[in-house]
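Working through the structure, step by step
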Amino acid sequence: MKASRSQFLVSIRNHKKKKKKKKKKKKKKNCSILPFTWELTSLNLQFTPTKMAESSSSSSRNPQIRHDPINNKWVVFSPTRSKRPSDFKSKSPVSDPTRTHPQECPFCIGHEHECAPEIFRVFDNSDPYKWSIRVIQNLYPALSRDIRPDNPGAEKGPEFGVVTGFGFHDVVIESPTHPVHLSDLTGSGVGEVIMAYKKRVLQICDFDSIKYVQVFKNHGASAGASMSHSHSQIIALPIVPPSTSSRLAATKEYFERNGRCILCEVPRKELVVHESRHFLSIVPFAASYAFEIWIIPRNHSIHFHDIDKETADDLGGLLKLMLKKMAKQLNNPPYNFMIHTSPLNIDNSYLSSSHWFLQIVPQLTVLAGFEVATGCHINPVFPEDAANILRNVDVEDTENILRDVHVEDG
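The numbers attached to residues start from 1 for each chain and follow its sequence in the written order. In keeping with the predicted nature of the model, local features appear solely for residues at pLDDT of at least 70, side-chain atom pairs appear and are counted solely at 80 or more, and the whole-chain, interface and lining totals rest on all residues. Note that water and hydrogens are dropped before the side-chain values are worked out from all heavy atoms of the structure.

Observations concerning the overall build of the chain
Of regular secondary structure, the chain possesses 8 helices and 15 strands. We call a residue buried when its accessible area falls under 20% of the maximum for its residue type, exposed when it is over 50%, and partly exposed in between, using a 1.4 Å probe and counting protein chains only. Looking at the chain as a whole, 48% of its 410 residues are labelled buried. Pairs of residues are marked as contacts when any of their non-hydrogen atoms sit within 4.5 Å. Considering only intrachain contacts with a sequence separation of at least 6, the fraction spanning at least 24 residues in the chain is 71%. For the chain, the exposed surface amounts to about 21900 Å²; the carbon and sulfur share of it is 54%. Each helix is a run of DSSP H or I of at least 4 residues and each strand a run of E of at least 2, with the numbering of both proceeding from the N terminus. All accessible-area figures derive from a Shrake-Rupley calculation using a 1.4 Å probe, and residue coverage is judged against the displayed protein chains alone.

A few points about the sheet that holds strand S12 (residues 293-297)
A pair of strands is treated as paired once DSSP finds two or more bridges between them. One open sheet holds the 10 strands; their spatial order is S5-S6-S7-S9-S8-S13-S14-S12-S11-S10, and the pairing between them is antiparallel. The open sheet has two edge strands, strand S5 (118-124) and strand S10 (272-275), and neither has a second partner. Pairwise comparison of adjacent strand axes, ignoring direction, gives a mean angle of 20° for this sheet. Bridge count for strand S11 (residues 279-282) against S12 is 4 bridges, and the pairing is antiparallel. Axis lines are fitted to C-alpha atoms, over the contacting stretch for helices. Their N-to-C directions set the angle, which ranges from 0 to 180 degrees.

A word on the nonpolar core
For this analysis, a nonpolar core means a set of buried residues of the types Ala, Val, Leu, Ile, Met, Phe, Trp, Tyr and Cys, connected via side-chain atoms within 4.5 Å. With 56 residues, the main nonpolar core has Tyr197, Phe291, Ile295, Leu319 and Ile360 as its most contacted residues. For this core, the element with the most residues is helix H5 (residues 309-330), which contributes 9 residues. Residues within four places of Ile295 in sequence aside, it is in contact with Phe279, Leu280, Ser281, Leu315, Leu318, Leu319, Met322, Phe357, Leu358 and Ile360. Ranked by size, the runner-up nonpolar core spans 11 residues in total, among them Cys261, Ile262, Leu263 and Ile282.

Digging into the sheet that holds strand S3 (residues 64-68)
Overall, mixed pairing links the 3 strands, which are arranged S3-S4-S15 in an open sheet. Among the strands making up the open sheet, the edge pair consists of S3 and strand S15 (377-379). Strand-to-strand twist of the sheet, defined as the mean angle between neighbouring strand axes without regard to direction, takes the value 30°. Across 3 bridges, the pairing between strand S4 (residues 73-77) and S15 is parallel. Note on S15: the bridge partner recorded for Val75 is His377.

Some remarks on helix H4 (residues 242-258)
Given a rise of 1.5 Å per residue, 17 residues ought to cover 24 Å, and the 24 Å separating the end C-alpha atoms of H4 matches this to within 8%. For H4, every residue scored as buried is listed here: Thr244, Arg247, Leu248, Ala250, Thr251 and Tyr254. Buried residues along H4 sit against strand S8 (212-219), strand S13 (335-340) and strand S14 (357-362). Helices are assigned an expected span. That span is 1.5 Å times one less than the residue count.

Remarks on the packing of helix H3 (residues 187-204) against H5
Their axes nearest at 7 Å, the elements H3 and H5 cross at an angle of 120°. One element, H3, and the other, H5, form an angle in the oblique class. Crossing of H3 over H5 shows right-handed handedness. Each of Gly187, Ser188, Val190, Gly191, Glu192, Ile194 and Met195 in H3 lies in contact with H5, whose residues at this interface are Lys309, Ala312, Asp313, Leu315, Gly316, Gly317, Leu319 and Lys320. Broken down by class, the residue content of the contact of H3 with H5 amounts to 6 nonpolar, 5 polar and 4 charged. Each angle gets one of four labels, with under 35 degrees taken as roughly parallel, over 145 as roughly antiparallel, 65 to 115 as roughly perpendicular, and the rest as oblique. Rotating anticlockwise by less than a right angle from the far helix to the near helix defines a left-handed crossing, while the corresponding clockwise rotation defines a right-handed one. Each residue receives one of three labels: charged for Asp, Glu, Lys and Arg, nonpolar for Ala, Val, Leu, Ile, Met, Phe, Trp, Tyr, Cys and Pro, and polar for the others, Gly being one of them.

Let's talk about the environment of Leu351
Its location among the elements puts Leu351 in the loop between S13 and S14. Judged by relative accessible area, which is 31%, Leu351 ranks as partly exposed. As for Leu351 and Leu248, which are separated by 103 residues in sequence, their C-alpha atoms are 9.9 Å apart. In contact with Leu351, other than residues within four places in its own chain, are His300, Ile302 and Ile346.

Here we look at the side chain of Arg200
Position of Arg200 among the secondary structure elements: in helix H3. The exposure class of Arg200 is buried, given its relative accessible area of 7%. Within the structure, Arg200 has its side chain in polar contact with the side chain of Asp170 (distance 2.6 Å). If we skip the residues at most four places from it in the chain, Arg200 touches Ile119, Phe120, Val135, Arg145, Phe168, Asp170 and Ile234. The definition of a polar contact used here is a pair of N or O atoms within 3.5 Å, where within protein one atom must be able to donate a hydrogen and the other to accept one, and adjacent residues in sequence count solely through side-chain atom pairs.

Describing the environment of Ile119
As for its placement among the helices and strands, Ile119 is situated in strand S5. Looking at Ile119, the relative accessible area reads 26%, which means it is partly exposed. Discounting residues that sit within four places of it in the chain, Ile119 has contacts with Val135, Ile136, Gln137, Arg145, Asp170, Arg200 and Gln203.

Some details on the UniProt feature "binding site: Zn(2+)" (unreviewed entry) in the chain
UniProt positions are given in the numbering used here, feature names are shortened, and annotations may be inferred rather than shown by experiment. Per the UniProt record, "binding site: Zn(2+)" (unreviewed entry) is found at Cys105, Cys108, His178 and His229. Spatially, the listed residues are clustered: although they cover 125 residues, their C-alpha atoms lie within 7.9 Å of one another. With respect to the secondary-structure elements, Cys105 resides in the loop between helix H2 (97-100) and S5. Contact partners of Cys105, with chain neighbours within four places excluded, come to His111, His178, Met227 and His229. Checked against the element boundaries, His229 lands in the loop between S8 and strand S9 (231-237). Overall, His229 belongs to the buried group, its relative accessible area being 1%. Ignoring sequence-local partners within four residues, the contact set of His229 consists of Cys105, Phe107, Cys108, Ile173, Ser175, Pro176, Thr177 and His178. Only 2.6 Å separates the side chain of His229 from the backbone oxygen of Ser175, close enough to count as a polar contact.

Rendered as structure tokens:
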């Protein structure tokens, strides 16, 4: 009986040892599944998986709040509010213009008499009697060019809280034919549109009362376009917008603290979508919107209207490529793009820190009460994931797009 009892106790001990070994093995296996690193940035402690599969990238990460040092605001990244980043598609894609072409469109060639007065036109290189771009007055302008601007001594002005609504509101018709969108033009064709922007801004510079000129494009009804014919707009203001003043102050503060322009800095590789000779396209570190893209001049440039033809063509090719990638990946979403430049008469103290760029915003989400109340946007897609997806979108005619303006593949 004693022998059998001791044997029984030994077998129990051996069984317990085997159990402990199994537990240790399981723990090691769990550790090997999570190869994470921690990266300390200047703004926060950022959690970054070293090997991150697309299907589990954003959805497996915790919410994060990032500071945008260029616009001096905070953005909430909440990946749990979305599907996989690659599943993001527009719920209201822009319809095919060939199917919705109205019989009478005032922007189409042959209907010029139905539009507001023309400012200038750009002629087609292949046909001197045919225009390719027209710049006209807006038939329903936000500001009036027909009233007198405020006199410097008048008891009106920003310091009094009231400014006379003098200004310019123009339309740039990008093509004479209805079915052609901006992204359907060649890279140099988009460059011609950009040069038309420049020409009009330079004309407006002659008016001393104009402080800032905003170039922008609304594509699709839900992005604010009232006409389906491809066009963009220019509004010249007698004030500097608050968002521009905030950006100038934030970039100047960064320059004074670090001794360099923040937009001249080379962005993190994982945020870059594409590169050209003169520009970088990136998803910003603290993007306010899902799949937002910035196109930034490589060299320090204060005003957009300093652009030359070669640089405009280069920008045109890269802008076309980004619009093509966005349309293919996101189901042809409505979008806005805006050129963020410097005030016309910028103070010398901002020359080293102010740097213009073009922002593209696909309309995929709707601003709600939280965003309106706080000014903090909620973005369901981390910028690194958005950049990776856009980088890998295969555009069939990429080689032709790039060859047209000698863009180098990044």
